[in-house]
Amino acid sequence: MAQQHEALNPIHPSVLSSLDPAFVDVYNKHVAHIPNKPIDLQFLRSKYSVLYSYGTAPAPKAAKTYDSTVPGHGGAEIAVRVYEPATPGPWPVYIDYHGGGWGLGDLDTEAHICEHIVAIANVAVIDVDYRLVPEHPFPTGILDSFAALQYISSPEGAKKFNIDPSRIAVGGPSAGGNISLVVGHLARDAGIDLKLIAAGTPTIDDLSRYSTATESPYPSMTELEFAPTLNWARLKWFDTLKWSSLSKDEAEKAKQMEVVGWFGDLMQAPSFEGLSKTVIYTAGCDPLRDEGEAYARKLIEAGNEVTVKRFKGVPHPFYHMDEALPQAKQYIEMMAVEIKHALYPDL
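Procedures and definitions
The residue count restarts for each chain, going from 1 along the sequence in the order it is written. Local features are withheld for residues below a pLDDT of 70 in this predicted model, meaning they are given only at 70 or higher, and side-chain atom pairs are given and counted only at 80 or more; totals for whole chains, interfaces and linings count all residues. Side-chain numbers here rest on the full set of heavy atoms in the structure, without hydrogens or water. Secondary structure counts use DSSP, requiring at least four H or I residues in a row for a helix and at least two E residues in a row for a strand, with both numbered from the N terminus. Within these notes, the globule rule equals 2.2 Å times the number of residues to the 0.38 power, and the radius of gyration is based on C-alpha atoms. Only the protein chains shown count as covering a residue, and every accessible area follows the Shrake-Rupley method with a 1.4 Å probe. Residues counted as positive are Lys and Arg, residues counted as negative are Asp and Glu, and His and the chain ends are not counted. We put the charge of a Lys on NZ, of an Arg on CZ, of an Asp on CG and of a Glu on CD. The cut-offs for exposure are 20% and 50% of the maximum accessible area for each residue type, with area from a 1.4 Å probe on protein chains only; residues under the lower value are buried, those over the upper are exposed, and the others partly exposed. What counts as a salt bridge is simple: a side-chain nitrogen of Lys or Arg found within 4 Å of a carboxyl oxygen of Asp or Glu. Whether two residues are in contact is decided by their heavy atoms: any pair within 4.5 Å suffices. Here a pair means two rings of Phe, Tyr or Trp (six-membered ring of Trp) with centres within 6.5 Å. Their orientation is stacked below 30 degrees between planes, edge-to-face above 60, and tilted elsewhere. Over a ring means this: the NZ of a Lys or the CZ of an Arg is within 6 Å of the ring centre and within 35 degrees of the ring normal. Paired strands, as defined in this entry, are two strands with at least two bridges between them according to DSSP. Here the term right-handed applies to a crossover when the path leading from its first strand over the helix to its second strand runs clockwise, the strands being oriented away from the viewer. Two N or O atoms form a polar contact when they lie within 3.5 Å of each other; inside protein one atom must be a possible hydrogen donor and the other a possible acceptor, and for residues adjacent in sequence the pair counts only when both atoms belong to side chains. Where helices are involved, their axes are fitted lines through C-alpha atoms of the stretch in contact, as for all axes, and angles between N-to-C directions lie from 0 to 180°. Buried Ala, Val, Leu, Ile, Met, Phe, Trp, Tyr and Cys residues form a nonpolar core when they are joined through side-chain atoms within 4.5 Å. Here is the rule for angles: anything less than 35 degrees is roughly parallel, anything more than 145 is roughly antiparallel, 65 through 115 is roughly perpendicular, and the remaining ranges are oblique. By the definition used in this description, the sense in which the near helix is turned from the far one sets the handedness, with an anticlockwise turn below a right angle giving left-handed and a clockwise turn giving right-handed.

Asker: So what exactly am I meant to see when it comes to the overall build of the protein here?
Answerer: Summing up its helical and strand segments, the protein has 12 helices and 10 strands in all. At 19 Å, the protein has a C-alpha radius of gyration in line with the 20 Å of a compact globule built from 347 residues. Split by element, the accessible area of the protein, about 13800 Å² in all, is 54% carbon and sulfur. Across the protein, 29 positive and 43 negative side-chain charges occur, with their mean positions spaced 2 Å apart.

Asker: Any chance you could explain the side chain of Asp 96 here in plain terms?
Answerer: The residue Asp 96 is located in strand S5 (residues 91-97) in this model. Of the buried charged residues, Asp 96 lacks a salt bridge, with Arg 81 as the closest side chain of opposite charge at 10 Å. When residues no more than four places from it in sequence are discounted, the contact partners of Asp 96 are Glu 110, Cys 114, Ile 126, Asp 127, Val 128, Gly 171 and Gly 172.

Asker: Whenever I open this one, the environment of Gly 264 confuses me. Can you help?
Answerer: Among the structural elements, Gly 264 can be located in the loop between helix H10 (250-260) and strand S9 (278-285). The buried category is assigned to Gly 264, whose relative accessible area is 7%. For Gly 264 and Lys 64, which are 200 residues apart along the polypeptide, the C-alpha to C-alpha distance reads 37 Å. When near neighbours in sequence (up to four residues on either side) are disregarded, Gly 264 contacts Phe 138, Ile 204, Asp 205, Asp 206 and Trp 243.

Asker: Would you mind going over the packing of aromatic side chains with me for this structure?
Answerer: The relative placement of two aromatic rings is captured by the distance of their centres and the angle of their planes. According to the stated counting rule, one finds 13 aromatic pairs in the structure shown. Clustering of aromatic rings is evident, with ring pairs tying together Tyr 281, Phe 311, Phe 318, Tyr 319 and Tyr 331. Residue placement shows Arg 167 over the ring face of Tyr 344; its charged tip is 5.2 Å from the ring centre.

Asker: Can you walk me through the pairing of strand S8 (residues 194-200) in this structure?
Answerer: Moving residue by residue along a regular strand, the side chains alternate between the two faces of the sheet. With 6 of 7 residues buried, S8 is to be regarded as a mostly interior element. Alignment of strand S7 (residues 163-173) against S8, held across 6 bridges, turns out to be parallel. Residue pairing in the sheet places Ile 168 in a bridge with Leu 194 of S8. Running through helix H7 (residues 175-190), the crossover from S7 to the neighbouring parallel element S8 is right-handed. Pairing geometry for S8 and S9, over 4 bridges, is parallel. Looking across to S9, one finds that Ala 198 is bridged to Val 279.

Asker: Is there a simple way to explain the side chain of Ser 245 in this structure?
Answerer: Relative to the helices and strands, Ser 245 resides in the loop between helix H9 (232-244) and H10. Taking the relative accessible area as the measure of exposure, Ser 245 reaches 10% and is therefore buried. Side-chain polar atoms of Ser 245 contact the backbone oxygen of Lys 242, separated by 2.5 Å. With residues up to four places along the chain from it excluded, the contact list for Ser 245 reads Val 133, Pro 134, His 136, Pro 137 and Phe 138.

Asker: It is not clear to me how the pattern of salt bridges should be interpreted in this structure. Could you clarify?
Answerer: Oppositely charged side chains are able to pair whenever their charged atoms sit close together. Applying the stated criterion across every chain yields a total of 16 salt bridges. We note a salt bridge from Asp 193 to Lys 195, for which the minimum N-O separation is 2.7 Å. Where salt bridges share partners, they join Asp 67, Arg 81 and Asp 108 into one cluster.

Asker: In this structure, what is going on with the sheet that holds S7? I would like to understand it.
Answerer: As a general point, the strands of a sheet are linked pairwise by backbone hydrogen bonds and lie either parallel or antiparallel. Read across the open sheet, the 8 strands follow the order S3-S4-S6-S5-S7-S8-S9-S10; overall the sheet is mixed. Bordering the open sheet on either side are strand S3 (64-71) and strand S10 (306-315), each of which pairs with just one other strand. Put simply, the sheet's adjacent strands are angled 20° from each other on average, direction ignored. As judged from the 5 bridges shared by S5 and strand S6 (residues 124-128), these two strands associate in the parallel manner. Bridge pairing in S6 places Ile 95 opposite Ile 126. Docked against the sheet, helix H11 (residues 289-301) engages S9 and S10, running at close to 155° with respect to S9.

Asker: Explain the nonpolar core to me, please; I cannot follow it from the model alone.
Answerer: Generally speaking, soluble globular proteins have nonpolar side chains that are buried together. The biggest cluster of nonpolar side chains holds 65 residues, and the ones touching the most others in it are Ile 95, Tyr 97, Leu 149, Phe 161 and Tyr 295. Of all hydrophobic cores here, the second largest spans 46 residues; its members include Leu 19, Val 26, Tyr 54 and Val 314.

Asker: Looking at this structure, I do not really get the packing of helix H5 (residues 140-152) against H7. What am I missing?
Answerer: When two helices pack together, you describe them by how their axes are tilted relative to each other and by the distance separating the axes. Taken N-terminus to C-terminus, the directions of H5 and H7 make an angle of 50°; their axes are 10 Å apart at the nearest point. In terms of their interaxial angle, H5 and H7 are classed as oblique. Viewed along their axes, H5 and H7 form a crossing whose handedness is right-handed. Taking contact as the criterion, the partners of Gly 141, Ile 142, Ser 145, Phe 146 and Leu 149 in H5 are, on H7, Asn 178, Ile 179, Val 182, Val 183, Leu 186, Ala 187 and Ala 190.

Listed below in structure tokens is the structure:
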């Protein structure tokens, strides 16, 4: 497939009335005037972590920040960034999986959110640089992320990072939200006791089944087909990129699809019972809104403890814009407080 996709500027009239005027103002000032043109994947990767810097507020620096590695899937060495609070360890730990549609993102993508979580929740944060598509076949990123959790929660990992393995939370936004939800299932099955799963604007469904937005069973996909920052066309592009990472050899692809299993559509997970407490935040002007909320209902129906909140008037990546949008500031603060309460239950 072509390694490019179209941005949609200015804001489409079909969604304008649904957006907070504060977002419209900042978007019109910084984004709407940029000409529509194909974006090269490598160029987008180089700019992705500063893509929304026009709306990002400074974050308090952690007492110590350093890069390290953990074993990933199949023994691969995976980079991580560790943020430590000023208090003495061992600390409870929040493991972050960044967003980026499976093909974008790195250890800078959510650095400001990680720093806020350290400051507010008084926990260590370990951000995982899982491997990306198309260079690595889906679901390598998920398998890397779970392998990172397994190592961090092990005696060796707990000693290396000076963390308390009995107090672990995982989370992330977008594709990282998807990863954290999947990891919740895998952790349950492996006997790893997560205290919280925190997913923001998660992807849930398998878009490869639909050729148009109207074929999706989730109304927000049609209602917000032309949403700013993430629209149907971009979602479809990312989804195609994800599936293009699989082998062209049919026999090999069949083996890879056995590994994929229900990871392609989280609603098809074999069991929703006995999962850790989960927080799911959605955005009112995000095509992914309804599938995230449907997944939350599935968790609730299975008897799990779930907190769901929809942030009105904002698009998919709003949490990067905490200087410009009160909803983004609230998202970060609420998420950090949820992590604090889960990892310090006696406070």
